[in-house]
Amino acid sequence: MKKSQHNKLKDNPSKKIKVAFVYRPCSALTSSNYFTVSYNFFMKALKHNARIEVTNIPTDASYDASSLKDKFDIILLFENSNFGPGCMPDEISNLEDLDIPVIARVGDPWNTPQKNIMKIHKKNKIDAYFGFHHPDLFYKYYPKDFAYGVVLFGLEPVLYENLQPYNSRIKNRILNSGAVASRKISSRLVYKLTKKTVDPLIHYNLRTKCNDLSYVDYTSTLQHMYTGDKYPLLLQKYTTAIAAMTTSYTTKYWEIPAAGCLTFMEVTEKNHGEYLGFVDDETAIFINEDNYKEKFERYLKDTDNPKWEKIANAGKEYALNYLNNDVAVNSLIDLMEKLL
């Protein structure tokens, strides 16, 4: 950024930061996508914050960034590459002629060995990254000198209003939802022989194991009516649900408690689940691969105990107040201000 622009922002803290959100139109940024976390954050929540003024810049496969010169304070990229859902232009030209900081969302960090990170970093002149993953996980795959900020985005509180009350829900079954790994021998051989880096069993080990239990109801990621913004309508059917990922926490860790469910939450040193701020037996029930059956059965033997609803309500309050998109946008703006 030019020094004169920088000084104007420093001298006038109330001045809005002008943000150019550069993206390529894609299904992930529409309300009809099966997963609307990105849509709700980028296309809706960013527009609500009084500290920034966001201009959406939809592009084709290639985009000439020279038109942004002297008009914006920050360039925001949907992702640091086009590896994911195709929401990035393949080429952004003339960035080198701009003195504007560039911030990019990072997808799942474990996918990065399949990409040339340094090449993309230099090509898109990226100054900082953000995502909801713990910093230790980001820096496991990215250089230590890259700037990174945690932004726990995805939760739109309005979607969690007027859900079924706790006491009117199914209480003798536990909901499990999302991607799981295939246990078929053929699938196991494929990952072993091809040495794929993204083996679902690595990431969803405990979530997959939970499906072996007779009292667990499983709903897959797709092929049902509860995709996109309708996920809370599935959660409201159950008093309890499982938020489990072996390598990292996911958006389910704040979506499930926000729906008023007693959340059985996989929390270990490996997945950094404690970073989110939930407290065991106060705002969630922490589980791991050694104790998950015991924790489930403790609940199922005493489903009418009022302490479960108390924990569910406390978890809901915490998620809606501290892990919502408005808080996430402020975290992103704090990162922007560090670059100005």
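Colleague: Residue-level account of the overall build of the protein chain, with values.
Modeller: Looking only at helices and strands, one finds twelve helices and 13 strands in the protein chain. Looking at the 340 residues of the protein chain, the share that counts as buried comes to 53%. Sequence separation of at least 24 residues holds for 73% of the intrachain contacts in the protein chain that already meet a minimum separation of 6. Carbon and sulfur atoms make up 49% of the accessible area of the protein chain, which totals about 15,800 Å².

Colleague: Tell me about the sheet that holds strand 2 (residues 52-58), residues and numbers included.
Modeller: Read across the sheet, six strands follow the order 2-1-4-6-7-8 without closing on themselves; strand pairing throughout is parallel. Two strands in the sheet have a free side with no partner beyond their single neighbour: strand 2 and strand 8 (148-150). Averaged over neighbouring strand pairs, the angle between their axes works out to 25 degrees when direction is ignored. Strand direction decides the pairing type here: strand 1 (residues 17-23) and strand 4 (residues 74-77), joined by four bridges, are parallel. Residue pairing for strand 4: Val19 is matched across the bridge by Ile74. Sheet contacts for helix 12 (residues 325-339): strand 1, strand 2, strand 4, strand 6 (102-105), strand 7 (128-131) and strand 8; angle to strand 7, the most-contacted strand, approximately 170 degrees.

Colleague: Talk me through the state of the cysteines; I want residue IDs and the actual numbers.
Modeller: Counting across every chain of the model gives one disulfide. With its sulfur 1.8 Å from that of its partner, Cys26 forms a disulfide with Cys87. Across the disulfide from Cys26 to Cys87, rotation about the S-S bond amounts to roughly 95 degrees, and the bridge is consequently right-handed. Here the residue Cys26 occupies a position in the loop between strand 1 and helix 2 (37-48), and Cys87 occupies one in the loop between strand 4 and strand 5 (91-93), the gap between them amounting to 61 residues. Taking relative accessible area as the criterion, Cys26 reaches 14% and is therefore assigned buried.

Colleague: An account of the packing of aromatic side chains is needed here, citing residue identities and associated values.
Modeller: This model, assessed by the stated rule, comprises 29 aromatic pairs. Ring geometry for Tyr215 against Phe296: centres 6.3 Å apart, planes inclined by 85 degrees, an arrangement best described as edge-to-face. Linking Tyr215 in the loop between helix 7 (205-210) and strand 10 (216-219) with Phe296 in helix 10 (residues 292-300), this pair joins segments that are 81 residues apart in sequence. Accessibility expressed as a relative area gives 0% for Phe296, which makes it buried. With 6.4 Å between their ring centres and 5 degrees between their planes, Tyr249 and Tyr275 make a pair best called stacked. Residue Tyr249 is found in the loop between strand 11 (240-243) and helix 9 (252-258), and its partner Tyr275 is found in the loop between strand 12 (262-266) and strand 13 (285-287); the two are separated by 26 residues along the sequence. Among the residues examined, Tyr275 registers a relative accessible area of 39% and is labelled partly exposed. Put simply, the rings of Phe21, Tyr23, Phe41, Phe42, Phe78, Phe130, Phe132, Phe153, Tyr249, Trp254 and Tyr275 pair up and form one aromatic cluster. Here the basic side chain of Arg105 rests over the ring of Phe78, its NZ or CZ set 4.4 Å away from the ring centre. Note that Lys307 overlies the ring of Trp308, its terminal NZ or CZ placed 4.6 Å from the centroid.

Colleague: Describe helix 12, with residues and values.
Modeller: With 15 residues, helix 12 should cover 21 Å at 1.5 Å per step; its first-to-last C-alpha distance of 22 Å lies within 8% of that length. Burial in helix 12 covers these residues: Asn325, Ala328, Val329, Leu332, Ile333, Leu335 and Met336. Taken end-on, helix 12 shows its buried residues confined to a sector of 155 degrees, consistent with a single buried face. Two to three positions downstream of the cap, the backbone nitrogen of Asp326 sits 2.9 Å from a side-chain oxygen, assigning the N-cap of helix 12 to Asn324.

Colleague: Go over the packing of helix 2 against helix 12 with me, naming the residues and quoting the values.
Modeller: Here helix 2 crosses helix 12 at 80 degrees, and the two axes come no closer than 10 Å. Between helix 2 and helix 12, the interaxial angle falls into the category roughly perpendicular. Two secondary-structure elements touch here, helix 2 through Asn40, Phe41, Ala45 and Leu46 and helix 12 through Asn325, Ala328, Val329 and Leu332. Taken together, the residues of the contact of helix 2 with helix 12 break down into six nonpolar, two polar and no charged.

Colleague: Quick one: what's the story with the environment of Thr59, residue by residue and with numbers?
Modeller: In this fold, Thr59 is placed in the loop between strand 2 and strand 3 (62-64). With 36 residues separating them in the primary sequence, Thr59 and Tyr23 have C-alpha atoms 6.1 Å apart. When residues no more than four places from it in sequence are discounted, the contact partners of Thr59 are Val22, Tyr23, Arg24, Pro25 and Pro89.

Colleague: Before we move on, could you go through the nonpolar core and cite the residues and values that matter?
Modeller: Core analysis: the biggest nonpolar cluster contains 91 residues, and Phe41, Phe42, Leu68, Phe130 and Leu332 have the highest contact counts within it. Residue contributions to this core peak at seven residues, all from helix 2. What Phe42 contacts, discounting residues up to four positions off in sequence, is Phe21, Leu29, Leu76, Phe78, Arg105 and Phe130. With 19 residues, the next largest nonpolar core counts Leu206, Leu213, Leu262 and Trp308 among its residues.

Procedures and definitions
- Residues take numbers from 1 onward in each chain, read along the sequence in its written order.
- With pLDDT at 70 or above as the cut-off, local features in this predicted model cover only qualifying residues; side-chain atom pairs require 80 or more to be listed or tallied, and sums for whole chains, interfaces and linings still use all residues.
- Hydrogens and water molecules were not included; the side-chain quantities draw on all heavy atoms of the structure.
- Secondary structure elements follow DSSP: runs of H or I no shorter than four residues count as helices, runs of E no shorter than two count as strands, and numbering proceeds from the N terminus.
- The cut-offs for exposure are 20% and 50% of the maximum accessible area for each residue type, with area from a 1.4 Å probe on protein chains only; residues under the lower value are buried, those over the upper are exposed, and the others partly exposed.
- The contact rule is simple, with two residues in contact once any of their heavy atoms fall within 4.5 Å.
- Surface accessibility follows the Shrake-Rupley procedure with a 1.4 Å probe radius. Residue values consider only the protein chains on display as shielding.
- Pairing between strands requires that DSSP locate at least two bridges from one strand to the other.
- A fitted line through C-alpha atoms represents every axis, and for helices the fit uses only the stretch in contact; the resulting angles, taken between N-to-C directions, go from 0 to 180 degrees.
- In this description, the term disulfide denotes a pair of cysteine sulfurs within 2.5 Å.
- Between rings of Phe, Tyr and Trp, where Trp is taken as its six-membered ring, a pair exists when centres lie within 6.5 Å; planes separated by under 30 degrees are stacked, by over 60 edge-to-face, and by other angles tilted.
- In this scheme, Lys NZ or Arg CZ marks a charge over a ring once it lies within 6 Å of the ring centre and within 35 degrees of the ring normal.
- Multiplying one less than the number of residues by 1.5 Å gives the expected span of a helix.
- Each C-beta atom gives one direction from the helix axis, and the arc is the one those directions make.
- N or O atoms closer than or at 3.5 Å make up a polar contact, with two conditions inside protein: a donor-capable atom paired with an acceptor-capable one, and, for residues adjacent in sequence, both atoms drawn from side chains.
- Any angle that is under 35 degrees is reported as roughly parallel, and any over 145 degrees as roughly antiparallel; angles of 65 to 115 degrees are reported as roughly perpendicular and all others as oblique.
- In this classification, Asp, Glu, Lys and Arg are treated as charged, Ala, Val, Leu, Ile, Met, Phe, Trp, Tyr, Cys and Pro as nonpolar, and every other residue, Gly included, as polar.
- Residue types Ala, Val, Leu, Ile, Met, Phe, Trp, Tyr and Cys, when buried and joined through side-chain atoms within 4.5 Å, form a set referred to as a nonpolar core.

Interpretation note: all reported values are geometric properties and have no functional meaning in isolation.
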